[in-house]
Number of protein chains: 2
Amino acid sequence: MRRDPDTPTLSDVAEVAGVSTATVSRCLNAPERVLEQTRNRVLEAVRTLGYAPNFGARALAEGRTRTVGAIIPTMENAIFSRGIQAFQEELREHGLTLLIASSSYRPEIEEEQIRALVARGAEGLLLIGFQRNDTIRDFLSARGVPVLVAWAWQDGPAPCVGFDNRAAMADMGGEVIARGHRRLALISADPQVNDRALVRIEGLRDAMREAGLDPASLIVEPTDASLDAGGLAFRRLWERPDRPTAVLCGTDVLAAGALVMARSLGVKVPDQVSITGFADLDLARITEPPLTTMHLPHHRMGREAARMLVRMIAGEPVDSLRLDCALVLRGTLAGPC
Amino acid sequence: MRRDPDTPTLSDVAEVAGVSTATVSRCLNAPERVLEQTRNRVLEAVRTLGYAPNFGARALAEGRTRTVGAIIPTMENAIFSRGIQAFQEELREHGLTLLIASSSYRPEIEEEQIRALVARGAEGLLLIGFQRNDTIRDFLSARGVPVLVAWAWQDGPAPCVGFDNRAAMADMGGEVIARGHRRLALISADPQVNDRALVRIEGLRDAMREAGLDPASLIVEPTDASLDAGGLAFRRLWERPDRPTAVLCGTDVLAAGALVMARSLGVKVPDQVSITGFADLDLARITEPPLTTMHLPHHRMGREAARMLVRMIAGEPVDSLRLDCALVLRGTLAGPC
DNA sequence: CCACGTCATGCAAGCGGTTACATCTGCCCC
DNA sequence: GGGGCAGATGTAACCGCTTGCATGACGTGG
């Protein structure tokens, strides 16, 4: 310990106020249990000394850190930052602080970060998606850290809050097919490392099957989660001999990238090709034409996630929560030409 | 302390491995000081027990938390999330974890969050902008917590890393004026609570003065930092009898909102009005036409901020860092009609 | 063969709080 | 007057980890 020698401690305060450390501690944590006169004397000492409690000591003695952790793929994607913002706001109202880390969509980094946040005293963890290997699962359950999965909903024992990505994408697919499209493509994040992407692919295939189309005819174009990557994926699709008439995208970011690329290729949307997004971020409203997409209640999800995690930390049981999505028809979907 | 009785502690590990707690601690923190054979036995015990160190105890004994805090107005705005992402990545490489909070652009919340993060053991703080009242300044200096201001650069004693918002906006203004515009408007965040916005206004006035225009003729339209708010501000400007020929915006988000509104009002950009942004976010490339804006090196800033803060925490002196911005001419700026 | 250095490990004293329990005081009532 | 009780405060035992110092084993050179 090489702490600053002039940082005052509880016992410094106690000495100045002429009381015991117990009394000082009570003044700070349960003022009503101390005589007003004594309390004033103590608070005066606190003030003159500029005392503030030592975090480590308090955490050790009290057995809790009032801190929760969240690990998201990246803060750069608005799909996460919206929800995390709400999550943090709600946490704050419960007196909890947020420890945050990002995994860059890499499972090994996620694992490292899980360990790091737990080691930093996170009392509960918010994670994205269900995909996770057994060693880290074991670690988590051995440590008894409550984990809430967000941005995804799945029937099962693991507590989660999110959307039924599969059903939502099936809805979107149904809508596209209802417009007469038969040759569909999907620009998606890599389903190997992103289980939300995986179930969205499945959802789209469900819709095709439902409509009597061959799910195997779906062209899946996996790519990174960036604007430019979406654009490049679109170009690859467009260069195919069996060019699709509708390009669905796993996220708005990919769709926006596709749209920009279409524009620069001189392809008219939705006249020559339909494009759809997923998430209904701000950017869905600023593209031209504005993006037909699936609205996800990010804000609500973030808040609910915080509430659920608070209950889980308190040891109360929680039920997973599935939030509704809503198709938002804007300008990028039409019938095939 | 009401900790879970089956969470293993150092001495549990020590017992299982048949060594002292000191040896276990060394295995974890200075492996080279322990015989390989012993070390393996200990690590084996760590694994089977699922041991992870108790944060409070470690922080108390070691006198540090390896945690830094950042308080940003909101994570929803990509202008912050980009930089924070990079900040966190760099922090991780130094073995530090990020505690994050948001102020919603409200000084009193920022103050509360500063206290909260310091109480949670933040060893250093990243804050946005210089505006801050004295009580909280005193608190910070009394506690000796290093503070780095980011997203803004200003000559002065306070360490900071960012852009010269004033000069950058002056550049943008110069460019607009050079195209022949004389009636300028600026859609800006509220300069009362946002010092970056304030100096950007000043920068624009500098450019006007430089060009022989009356800086008082600048129409400033203050508003919230959202897409819709930008749109409404644009409409208010457009309804004025002395309609501006160029509408500069304090951020890309506002500019995108203005652009969308212009489109819905049937106003052609840049033929009837020029619009410029500030920040060069992804969304600047997806508007139609794409946005002329000021590129800010968010990523670089986030990384540098982390490096500087690490040095500050180590007690080393740091120099403020001014990063260069670059005008990006795209499609929303032209001469007046 | 012994003095001495090196290296691995153990012992135990903190680190700065919280809190169960003990103590003390003053008061009420029988 | 003494038993009992309530309320304010003090005492000290933790909480789980790090680390300076002590210990003991072993090897080396004189």
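Residues numbered from 1 in each chain as written. Chains lettered and ligands numbered in written order. Predicted model: local features only at pLDDT ≥ 70, side-chain atom pairs only at ≥ 80, totals over all residues. Heavy atoms only, no water.

Description of the domain arrangement of chain A
For the record, the criterion: Domains are outlined according to an automatic or database domain assignment.
Under the domain assignment, chain A is made up of domain 1 (10-62), domain 2 (67-162 + 298-323) and domain 3 (165-297). Each of domain 1 of chain A and domain 3 of chain A was reduced to a C-alpha centroid, and the two centroids are 61 Å apart.

Brief notes about the pairing of strand S6 (residues 184-189) of chain B
Residues and elements named next belong to chain B. Applied cut-off: A 1.4 Å probe rolled over the protein chains alone gives each residue an accessible area, and that area as a share of the maximum for its type sets the label: buried under 20%, exposed over 50%, partly exposed in between. Under the DSSP-based scheme used, a helix requires at least four consecutive residues in state H or I and a strand at least two consecutive residues in state E, with every element numbered from the N terminus. Whether two strands pair depends on DSSP finding at least two bridges between them.
In terms of burial, S6 is largely enclosed, as six of its six residues are buried. Across four bridges, S6 lies against strand S8 (residues 246-249) in parallel orientation. In the strand pairing of S8, Ala185 is matched with Val247. With five bridges connecting them, S6 and strand S7 (residues 219-223) associate as parallel partners.

Some points on the packing of aromatic side chains
For clarity, the cut-off: Note on aromatic contacts: the rings of Phe and Tyr and the six-membered ring of Trp form a pair at centre separations within 6.5 Å, being stacked when their planes are under 30 degrees apart, edge-to-face when over 60 apart, and tilted otherwise.
Taken as a whole and judged by the stated rule, the model has five aromatic pairs over all chains. Between Phe55 of chain A and Phe55 of chain B, the aromatic rings sit 5.7 Å apart at their centres with planes inclined by 55°, giving tilted as the arrangement. Taken as a pair, Phe55 of chain A in helix H4 (residues 55-62) and Phe55 of chain B in helix H4 (residues 55-62) lie in two separate chains rather than in one. Judged by its relative accessible area of 8%, Phe55 of chain B is buried.

Quick look at the interface of chain B and chain A
To be explicit about the condition: Note on contacts: a residue pair qualifies if any of its non-hydrogen atoms lie within 4.5 Å across the two residues. Throughout, buried area stands for the accessible area (probe radius 1.4 Å) lost by two parts on being put together, summed over both. When a carboxyl oxygen of Asp or Glu is within 4 Å of a side-chain nitrogen of Lys or Arg, the pair counts as a salt bridge. Polar contacts here mean pairs of N or O atoms no more than 3.5 Å apart (in protein, one a potential hydrogen donor and the other a potential acceptor; neighbouring residues in sequence count only if both atoms are side-chain atoms). Residue type decides the class: Asp, Glu, Lys and Arg count as charged, Ala, Val, Leu, Ile, Met, Phe, Trp, Tyr, Cys and Pro as nonpolar, and the leftover types, Gly among them, as polar.
Taken together, the contacts link 59 residues of chain B with 58 residues of chain A. Summing the contributions of chain B and of chain A, the shared interface buries around 5,000 Å²; its carbon and sulfur component is 54%. Summed over the three residues of chain B that lose the most area to chain A, namely Glu76, Arg120 and Ile286 of chain B, the buried surface amounts to 14% of that side. Between chain B and chain A we count eight salt bridges in total. Here Glu288 of chain A ties to Arg263 of chain B by a salt bridge, and the two come within 2.9 Å at their closest N and O atoms. For the pair chain B and chain A, the interface holds 25 residue pairs in polar contact (both at pLDDT 80 or more). When residues of the side of chain B that touches chain A are traced back to their parent elements, those giving at least two are H4, helix H5 (78-93), strand S2 (97-102), helix H6 (107-119), helix H10 (227-238), helix H11 (252-264) and helix H12 (283-286) of chain B. Counted by class, the side of chain B that touches chain A contains 24 nonpolar, 19 polar and 16 charged residues.

Re the environment of Ser102 of chain B
Looking at the secondary structure, you find Ser102 of chain B in strand S2. At 2.6 Å, the side chain of Ser102 of chain B forms a polar contact with the side chain of Gln88 of chain A.

So, helix H11 (residues 252-264) of chain A
Residues and elements named next belong to chain A. Put simply, the rule is: An expected span of 1.5 Å times one less than the residue number is assigned to each helix.
With 13 residues, H11 extends 18 Å between its outermost C-alpha atoms, agreeing within 8% with the 18 Å of an ideal straight helix rising 1.5 Å per residue. Most of H11 is tucked away: 10 of the 13 residues are buried. The positive-phi residue at the C-terminal boundary of H11 is Gly266, with phi of around 75°.

Details of the relation of the copies chain B and chain A
Formally: The copies were overlaid with a least-squares fit restricted to C-alpha atoms from residues scoring a pLDDT of at least 70 in each copy.
Overlaying chain B on chain A yields an RMSD of 0.8 Å, the required transformation being a rotation through 180° with an accompanying axial translation of 0.5 Å. Taken together, the rotation and translation relating the two chain copies correspond to the operation of a two-fold axis. Relative to the rotation axis, the C-alpha of Gly56 of chain B is the closest in chain B, positioned 1.8 Å from it. Here 97% of the contact residues of chain B are again contact residues in chain A; the copies associate through an equivalent surface.

Comments concerning the side chain of Ser103 of chain B
Counting through the fold element by element, Ser103 of chain B comes out in the loop between S2 and H6. Not counting residues within four places of it along the chain, the set of residues in contact with Ser103 of chain B comprises Ile71, Ile72, Pro73, Ile109 and Glu110 of chain B.

A short note on the pattern of salt bridges
As enumerated under the stated definition, the model contains 54 salt bridges over all chains in all. Of the charged contacts, one joins Arg82 of chain B and Glu76 of chain A as a salt bridge, the two residues approaching to 3.0 Å between their closest N and O atoms. Here the residue Arg82 of chain B occupies a position in helix H5, and Glu76 of chain A occupies one in the loop between strand S1 (67-72) and helix H5 (78-93), the pair thus bridging two chains. Glu112 of chain A serves as the salt-bridge partner of Arg92 of chain B, at 2.9 Å between the closest nitrogen and oxygen. One end of the pair, Arg92 of chain B, is in helix H5; the other, Glu112 of chain A, is in helix H6 (residues 107-119), on a second chain. Looking at Arg92 of chain B, the relative accessible area reads 27%, which means it is partly exposed. A single network of salt bridges, built from pairs that share partners, joins Glu89, Glu90, Glu93, Arg300, Arg303, Glu304 and Arg307 of chain A.

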